[in-house]
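Letter by letter, the chains look like this.
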Amino acid sequence: MSFESELSKGNFLIPKCTECKKIVWPPMEFCDHCMGKTSLKGGDFEGKIMEFSRQNDNYFCIVEIEDSFRIMAKMIQKPHIEQVVTVSKCGISKGNYFFEVI
Ligand SMILES: [Zn+2]
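Everything numeric here is computed off the predicted structure, so don't read it as measured data. (Residues numbered from 1 in each chain as written. Predicted model: local features only at pLDDT ≥ 70, side-chain atom pairs only at ≥ 80, totals over all residues. Heavy atoms only, no water.)

Caption draft 1: Quick peek at the pattern of salt bridges. In this structure the tally under the stated criterion is five salt bridges. A salt bridge links K89 to E100; its shortest N-O distance comes to 3.9 Å. With K89 in strand β7 (residues 87-93) and E100 in strand β8 (residues 96-101), the pair connects residues that are eleven residues apart, well separated along the chain. Take K89: its relative accessible area is 47%, and that puts it in the partly exposed class. On the basis of relative accessible area, E100 is assigned to the buried category, the value being 11%. (Salt bridge = Lys/Arg side-chain N within 4 Å of Asp/Glu carboxyl O. Helix = DSSP H or I, 4+ residues; strand = E, 2+ residues; numbered from the N terminus. Buried < 20%, exposed > 50% of the residue type's maximum accessible area, 1.4 Å probe, protein only.)

Caption draft 2: Quick peek at the side chain of T38. Locating T38 in the fold gives a position in strand β2 (residues 38-41). Note on T38: relative accessible area 14%, which makes it buried. Only 2.6 Å separates the side chain of T38 from the backbone oxygen of M28, close enough to count as a polar contact. T38 has contacts with P15, K16, C17, T18, V24, M28, E29, F30 and C31, leaving out every residue within four places of it along the chain. (Polar contact = N/O pair within 3.5 Å; in protein donor to acceptor, adjacent residues only side chain to side chain. Contact = heavy atoms within 4.5 Å.)

Below, the structure is given as structure tokens:
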């Protein structure tokens, strides 16, 4: 089970260190803090809108997940700074990760 194979199936799982419990991002097999093994955790991760810009009919946001790392995500509704969102869709398109939040 790898982060990318799950993401390509639409599952957003976060790698966490089994030793120190740190979220490891970008996803790696071993923790960059203590070299412990990571395992993928699912859940309703909380994201916060840090910045956004409008592109045609969509908004593209920088979302901070679990106060830990940032992803770029699409949003249909107009976002607000510091709004709390969750990842509603994700996957891999043309080799790039994509995320959509609501
Ligand atoms: Zn660790």
